[in-house]
Amino acid sequence: MVRFRRPPPPDGGPRTSRPGPTAPRAGRPTLPSAPTELIGTPHGVRVEQLVTGVGDPVTVFAHGLAGDITGTRPLGSAVAGRRVFFHFRGHGRSGAPPGPWGFADLAADLRAVADHAGATRALGVSMGAGALCRLLADDPGRFDRIVCYLPAPLDGVRPRAAEERLERLLAAVESGEAAAVASAVEPELPPSVRNTPTGWSFLRQRVEQLLRDGLAPELATLWREPAVADVGALRAYRGEALVIGCAGDELHPAAWAERLAGLLPGARLHVYDRPAVLWTQRRELRELISTFLNAK
C-alpha cells in the first residue's frame, strides 16, 4: 500500500507522489505564506512552527483537526508578547511517524513547542484544546493562562457528522484533485460567506495548503480512546482559564464547553448564541481572547 504522507523533504516541498496539482483559479489570489521553521522535539517528531511578536509573555496556539497555522493566527492577532503557532504531527510540514496516534502524542507535540519557546500561556482550538487538556491532566502547572475555543470531547465520542467530514477530507486529499478537496473544505464556511470574494480566498488558501502538504491518514485514529482518561485530574489546574463555545455548532456542542468549564476551577465560560463566530463576530472574539490573555 502506498502511503500518502512521508517525512518532510529537506526543501519543505510537496509530499505527494503525483504531479503537482492545481487549485481553483477563481477569486482573489492568495498571499504568500509566512516563513516557518522546523524544530526538533525530545520525542523525535519534527514540528513546523511560526513565531510572531516580541517579548513576554509567550503564548502557544494549537489548531484543530485538519487545521493549520493560518486558521489560528486571527485568534492571536491582538495578543501581546511572542505568539507561537505550530502544526501538530500529520499537518503542514510537521512529521508523521507511524500510528496509531492518541492525544498523549498530541500533548507531547504541544509540550515540546511550548517548552522550546518558554510559553506560559496556551490557546487550543477543538482538537488542540483536547491536547491542551491532556497536557494539563498530566502537568496541571504547565501554563498559567489557557483558552479552550470550541473544545473537542474529552471522552472520545464524537458526532457522526465530524467523523464523516474527516473521512471525506482525507479521501479528497489522497485523491490529489483540487475540486474534491474544495468540496470537502467548503462546509467549513458558513453559508453567508460562500460564493463571496472572502470565501473564495479562504477556500483557495485551504485547498492549496492541503494539496501542498497533505494530511496524514493516522489522524483518523485519534479518537479510539478518550483524550483525557481521568477528567477529574483537570480539577488540579490552578491557573486562569477561558472556555469558549457556540450554541448551534453541530461539531462542537456547547455542552462540551460547559462541561470543561465545570472541570477547570474558576474557569470563565463564554457561549456565543450562534456558530461560526470567527467569521461573523471576529472582532469581538479577538477582543475576548486578547483581553483575557493580556491580563497580568
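Quick note: structure is the one above.
Residues numbered from 1 in each chain as written. Predicted model: local features only at pLDDT ≥ 70, side-chain atom pairs only at ≥ 80, totals over all residues. Heavy atoms only, no water.

1. A short note on the overall build of the protein chain
This is how the line gets drawn: Think of it this way: any DSSP run of H or I at least four residues long counts as a helix, any run of E at least two long counts as a strand, and we number them from the N terminus. Only protein chains enter the accessibility calculation, which uses a 1.4 Å probe; a residue is then buried when its area is under 20% of its type maximum, exposed when over 50%, and partly exposed in between. It only takes one pair of heavy atoms within 4.5 Å for two residues to be counted as in contact. Areas reported here follow the Shrake-Rupley algorithm with a probe of radius 1.4 Å; residue values treat only the protein chains shown as occluding.
Helices and strands together make up the secondary structure of the protein chain, namely 9 helices and 8 strands. In the protein chain, which comprises 296 residues, the proportion classed as buried is 53%. Pairs at least 24 residues apart make up 75% of the contacts formed inside the protein chain by residues separated by at least 6 positions. For the protein chain, the accessible surface area stands at approximately 12,900 Å², while carbon and sulfur atoms represent 53% of it.

2. Topic: the side chain of Gln 281
As for its position among the elements, Gln 281 is in the loop between helix H8 (277–280) and helix H9 (282–293). The exposure class of Gln 281 is buried, given its relative accessible area of 17%. When neighbours within four sequence positions are excluded, Gln 281 is seen to be in contact with Tyr 272, Asp 273 and Arg 274.

3. So, the pairing of strand E6 (residues 145–149)
Operational definition: By convention a crossover is right-handed if, when the strands point away from the viewer, the path from the first strand over the helix to the second runs clockwise. A pair of strands is labelled paired if DSSP reports no fewer than 2 bridges between them.
Burial analysis of E6 places 5 of its 5 residues in the buried class, the great majority of the element. Burial along E6 is two-sided: Arg 145, Val 147 and Tyr 149 facing one way and Ile 146 and Cys 148 facing the other are all buried. Following the backbone out of strand E5 (residues 121–125), through helix H3 (residues 127–138) and into the adjacent parallel E6, one traces a crossover that is right-handed. Inspection of the sheet shows E6 paired to strand E7 (residues 240–246) by 5 bridges, in the parallel sense. When the bridges of E7 are listed, Tyr 149 appears paired with Ile 244.

4. A few points about the pairing of E7
With 6 of its 7 residues buried, E7 lies for the most part within the structure. Of the pairings in the sheet, the one linking E7 to strand E8 (residues 268–272) comprises 5 bridges and is parallel in character. Bridged to Cys 246 within E8 is Tyr 272. Once you follow E7 into helix H7 (residues 254–263) and on to E8, the crossover reads as right-handed.

5. Digging into the packing of helix H2 (residues 103–117) against H3
Stated formally: The angle between two axes is taken between their N-to-C directions and runs from 0 to 180 degrees, where each axis is a line fitted to C-alpha atoms and a helix contributes only its stretch in contact. Angles below 35 degrees are treated as roughly parallel, those above 145 as roughly antiparallel, those between 65 and 115 as roughly perpendicular, and all remaining angles as oblique. By the convention adopted, Pro, Cys, Tyr, Trp, Phe, Met, Ile, Leu, Val and Ala count as nonpolar, Lys, Arg, Asp and Glu as charged, and the other residues, Gly among them, as polar.
One can describe the packing of H2 onto H3 by two numbers: an axis separation of 8 Å at closest approach and a directional angle of 85°. The angle between H2 and H3 falls in the class roughly perpendicular. Counted together, Phe 103, Ala 104, Leu 106, Ala 107, Leu 110 and Arg 111 of H2 and Met 127, Gly 130, Ala 131, Leu 132, Arg 134 and Leu 135 of H3 form the full contact between these two elements. Grouping the constituent residues of the contact of H2 with H3 by class yields 9 nonpolar, 1 polar and 2 charged.

6. Here's the deal with the packing of aromatic side chains
Aromatic ring pairs: the centre-centre distance and the angle between the two ring planes describe each pair. Just so we agree on the cut-off: Under the pairing criterion, centres of Phe, Tyr and Trp rings, with the six-membered ring standing for Trp, must be within 6.5 Å; the plane angle then separates stacked pairs below 30 degrees from edge-to-face pairs above 60, leaving the rest tilted. Lysine NZ or arginine CZ positioned within 6 Å of the ring centre and within 35 degrees of the ring normal marks a charge as sitting over the ring.
Enumeration over the complete set of coordinates arrives at 4 aromatic pairs. Arranged with centres 4.8 Å apart and planes meeting at 70°, the rings of Phe 86 and Phe 88 form a pair that is edge-to-face. Arranged with centres 5.1 Å apart and planes meeting at 75°, the rings of Phe 103 and Trp 223 form a pair that is edge-to-face. Here Phe 103, found in helix H2, pairs with Trp 223, found in the loop between helix H6 (197–213) and E7; they are 120 residues apart in sequence, far enough to count as distant. With respect to class, Phe 103 is no different from Trp 223; both count as buried. One residue, Arg 145, lies across the ring of Phe 292, its end atom 4.9 Å from the ring centre. A cation over a ring is seen here: Arg 158 above Trp 223, with NZ or CZ 4.1 Å from the ring centre.

7. Some remarks on H3
Quick reminder of the rule: In a helix, the anticipated span is given by 1.5 Å times the number of residues less one.
Taking 1.5 Å of rise per residue, the 12 residues of H3 would be expected to cover 16 Å, and the 17 Å separating its terminal C-alpha atoms lies within 8% of that figure. Those residues of H3 hidden inside the fold are in contact with strand E3 (58–62), H2, E5, E6 and H7.

8. What to know about the sheet that holds E7
Spatially, 8 strands are ordered E1-E2-E4-E3-E5-E6-E7-E8 in an open sheet, and the strand pairing comes out mixed. The sheet is open, and its two edges are formed by strand E1 (37–39) and E8, each paired on a single side. For this sheet the average axis-to-axis angle between neighbouring strands, irrespective of direction, equals 20°. On top of the sheet, H2 reaches E1, strand E2 (47–52), E3 and strand E4 (82–86); it is set at about 150° to E4, its chief contact. Each of E6, E7 and E8 is contacted by H7, which is oriented at about 165° to E7, the strand it contacts most.

9. Some points on the nonpolar core
Put simply, the test is: Remark: nonpolar core denotes a set of buried residues (Ala, Val, Leu, Ile, Met, Phe, Trp, Tyr, Cys) joined through side-chain atoms within 4.5 Å.
Among the nonpolar cores identified, the biggest contains 67 residues, and Val 60, Phe 143, Ile 146, Leu 154, Leu 222, Leu 234 and Leu 264 are the most heavily contacted of them. Broken down by element, this core gets its largest block of residues, 8 residues, from H3. Setting aside residues no more than four positions away along its own chain, Leu 234 makes contact with Cys 133, Leu 136, Ala 137, Leu 154, Leu 260, Leu 263, Leu 264 and Pro 265. With 21 residues, the next largest nonpolar core counts Leu 50, Ile 69, Val 79 and Leu 293 among its residues.

10. Examining the environment of Gly 176
You can see Gly 176 is positioned in the loop between helix H4 (160–175) and helix H5 (178–185). Residue class for Gly 176 comes out buried when judged on its relative accessible area of 10%. Considered as a pair, Gly 176 and Gly 214 are 38 residues apart in the sequence and their alpha carbons are 8.9 Å apart.

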